[in-house]
Amino acid sequence: MTANRSRSQTLVLVGHGMVGQRLLEALAERGALADIGNPDLPGWHVVVLAEEDRPAYDRVHLTATFTGTPHDELTLADSDFFARHGIELALGDPATAIDTTARTVTSASGLTLSYDALVLATGSYPFVPPIEGADAPGCFTYRTLDDVDALTDYARHATTGVVVGGGLLGLEAAGALRTLGLTTHVVEFAPRLMPMQVDDGGAAALRTTIEAMGVAVHTGVGAHEVDVDADGLTRGLVLSDGTRISADLVVFSAGVRPRDKLARMSGLAVGDRGGVLVDEHCRTADPYVYAIGECAQTADGRVHGLVAPGYQMAEVVADRLAGEGRSVFTGADTSTKLKLLGADVASFGDPFAAEGKGGAVSVVFSDNRDGVYKKLLLGPEGQLLGGILVGDADAYGSLRPHAGADRPLPAPAEAFLLPADGVGALPGADTLPDDAVVCSCHNVTKGAVRAAVAEHGLTDLGGVKRCTKAGTGCGGCAGTLQHILDAELDALGVVKARGLCPHFDLTRAELYETVRTERIRSFTELLEKHGTGGAGCAVCKPVVGNVLGSLAPELGLSHILDGEQAALQDSNDLYLGNLQKDGTYSVVPRIPGGEISAENLIVIGEIARDHGLYTKITGGQRIDLFGARKDQLPAIWRRLVDAGFESGHAYGKSLRTVKSCVGSKFCRFGQGDAVQLAIDLELRYRGLRAPHKFKGGVSGCLRECAEARGKDVGVIATANGWNLYVGGNGGTNPRHAELLAADLSAAELFRITDRYLMYYLRTGDRLERTSAWLERLEGGIERLREIVVEDALGICAELEEQMERHIAAYRDEWAAVLDDPEKLRRFAEFVNEPAHAG
């Protein structure tokens, strides 16, 4: 049925998930919704019957809630979307019956609605194998936010969990269990993990990575029975080969099934293996009823379980309802890119195309050491048929738009597969034609992005997303979109905005100076006085939070988690711990100079043992503890603080460590007490927030055992004192530090280093290491020497005083949290949970 647009009509949408919400947005974009001010005008009046008691949310990123993302951040619609478009949203009131003859729908509350068109978007439900004990307490599915809450609550009293299913959802569930601190097992009936997305080689690389993280993988076996105790509680899982896994909870994530019961009850045709049968217009056998998303079986006989095909179905139906019934659904791009248990996994095109058939060949790169596997399947003319990337999916954005296209790859396959330092940078978006689809979720082409940039004057990625919706689905195309944007701006001769983000025209250095000179004490005040509109973003908020932290002694601010400051922090500073790829946090106590007593070594060992943490002696001469859950952090730090430890600031844009050799204390070549100087430097600059992290090193002689010239602050002892080197970096782009001053006394060394660091804090750009900053500084090391040694700008006394205020105001951040019940509440697993007492 193509809509008769001569009058206002009623559309009933059954189900309000991601695909259902996309249909509503598509109708709004087409102007197909009724005018709430004039109901006599043509358009659709929409009523939504939703089973869950919350509006549609992003299920793709459901796992993010285990690492602290609030539920409301996953909500897909803005707060006034429904009121603005006159959409009636009935939450917690699912449809229970459809009368296709009378064209009515009845809901669980007894509400009966007449419709002119009906769209089924009921999604799918998790498949639970019919085994004994599958309904026992301790058995869960993983599909909704309610599932997340129930699983999180139960896991607090569990130690071991088993996930049944080693596909996409299963590995996401396994990652969730690890985040909750459980010893985790994965059981997959197929002979390899992710059998629908990767081949044997990719699965082997993925398994290597997952097992290295402590997850036990069982393939080629199924679940036979849930083992329960006398009270009926889950105590283990028996596998089909007789193996028993002791476990306190079991998560069934062995695939999904279409939710087509309502359609069956109403007499609509369904497929033999489930799914409401629809034609190329997503219309059922009843011309007034449509089905979209995971509840539908399309004309090609498939039920599509990814969000991108569901979105495309929503677009097709929106066209029909808007009277623009030209588009049809002929299949969808099933490419996917995600991170599972910290491992990048991507597949695109036809990853299982038969080699040799029609001249197809494969090109493979495999590195078992790092768990990396990449495979491209090429046609006889060099065209890309499909591919698989495991462990390193950086090339996904460059490759996916070429998959299935009738054109050869624009560069040899090796250019996409080999590590970047082997053949240079990846071929970018400039190699794509305008008709290449760069966002499969919303079917957006490169040409559409370029046109939007030119037509609407877009200058940032956020604007591209808002205008085209590209990048707002799975997010896998963000890198490609940025490349297209940059190239288009260059072609148009547009100078990119020098400001920090759309909300500020000022650079990071200008913001710092503005905050310092005007004594601005909050993000809100800065935004009101110097912002360009809006509420801020993920770029400017952490930067301003960092600037306020740097200037805290000047402004009378106390702690980064006080009041509005807390809302500015990223995931690391927010919980005073470095977020790891599995969702847990690291605990890094400060060990100045690497010097530690036997008693404190024992304390760290006992804490690691009691909390089951992985320990690592780092190159920065301290001991990192990995695998702590957010709610465990206060108890761990209570023991560390009581033993005299303080925060090592591994989570902040601040000083990490000052590495040292043993110097003149023990080494027969030592010319200076490197250990003591390293301790003095680390304690002097601890907690100093900067544009980026910075590190130090002190070598007791020219043999350079502490690798001081690879550090932001490097000191080397000489027969006449200390040489100070600055701007070094041993990271991605190694750079030797340059000599700033020679043969200094300790007092002179501290004074010049104070000036150097404070000048860097004032003038450094966002996320700019000292190495890049020094290279950018006009005049380089000579100009820096003029400023911080010779005082060419007359600001050295001011820089020294500012550093002294920082030193005097320093307080250990974790000790302050432990003394403040309000701050402790953010580490609780639930909002109504009492603050941790430690």
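Since the structure is predicted, the reported quantities are computational estimates derived from the model, not experimental observations. (Residues numbered from 1 in each chain as written. Predicted model: local features only at pLDDT ≥ 70, side-chain atom pairs only at ≥ 80, totals over all residues. Heavy atoms only, no water.)

Chemist: Describe in detail the environment of V251, supporting the description with residues and values.
Modeler: Inspection of the secondary structure puts V251 in strand β16 (residues 249-252). Distance in space between the C-alpha atoms of V251 and D820 is 37 Å, their sequence separation being 569 residues. Not counting the four nearest positions on each side in its chain, V251 is found in contact with F140, T141, Y142, L151, V162, V163, V164, A173 and L177. (Helix = DSSP H or I, 4+ residues; strand = E, 2+ residues; numbered from the N terminus. Contact = heavy atoms within 4.5 Å.)

Chemist: Summarise the sheet that holds strand β13 (residues 223-228); cite the residues concerned and give the values.
Modeler: The strand order β13-β14-β15 describes an open sheet built from 3 strands, whose pairing is antiparallel. Either end of the sheet is taken by a strand with one partner, and the two such strands are β13 and β15 (244-246). Neighbouring strand axes in the sheet, compared pairwise and without regard to direction, differ in orientation by 25 degrees on average. Sheet topology note: the strand β14 (residues 234-239)/β15 ladder contains 3 bridges and is antiparallel. Residue pairing across strands places L237 opposite I245, the latter belonging to β15. (Pairing = 2+ DSSP bridges. Axes fitted to C-alpha atoms, helices over the stretch in contact; angles between N-to-C directions.)

Chemist: Talk me through the pattern of salt bridges; I want residue IDs and the actual numbers.
Modeler: Counted according to the given criterion, the structure contains 50 salt bridges. Between D631 and R629 there is a salt bridge, with the nearest N and O atoms lying 3.1 Å from each other. A single burial state applies to D631 and to R629, both of which are buried. By sharing partners, the salt bridges in this structure join R22, E25, E29, R30, E315, D319 and K469 into a single network. (Salt bridge = Lys/Arg side-chain N within 4 Å of Asp/Glu carboxyl O. Buried < 20%, exposed > 50% of the residue type's maximum accessible area, 1.4 Å probe, protein only.)

Chemist: Break down the packing of helix α14 (residues 508-518) against helix α15 (residues 523-530) for me, citing the residues and quoting the values.
Modeler: Where α14 meets α15, the closest approach of the two axes is 12 Å, and the angle between their N-to-C directions is 105 degrees. Considered as vectors, α14 and α15 are oriented roughly perpendicular to each other. Here L511, T514, V515 and E518 of α14 lie close against α15, whose contacting residues are L526, K529 and H530. When its residues are assigned to classes, the contact of α14 with α15 shows 3 nonpolar, 2 polar and 2 charged. (Parallel < 35°, antiparallel > 145°, perpendicular 65-115°, else oblique. Nonpolar A, V, L, I, M, F, W, Y, C, P; charged D, E, K, R; others polar.)

Chemist: Could you give an account of the packing of aromatic side chains, with specific residues and numbers?
Modeler: Applying the stated criterion to the full structure yields 12 aromatic pairs. An angle of 65 degrees between the planes, with centres 5.3 Å apart, marks the rings of F140 and Y154 as edge-to-face. Here Y154 lies in helix α3 (residues 145-155) and F140 lies in strand β9 (residues 139-141), a separation of 14 residues in the sequence. An aromatic cluster is present here, built from Y575, Y585, W637, W814 and F827 joined pairwise through their rings. Directly above the ring of Y288 sits R103, whose terminal nitrogen or CZ lies 3.7 Å from the centroid. (Phe/Tyr/Trp six-rings, centres within 6.5 Å; stacked < 30°, edge-to-face > 60°. Lys NZ or Arg CZ within 6 Å of the ring centre and 35° of its normal.)

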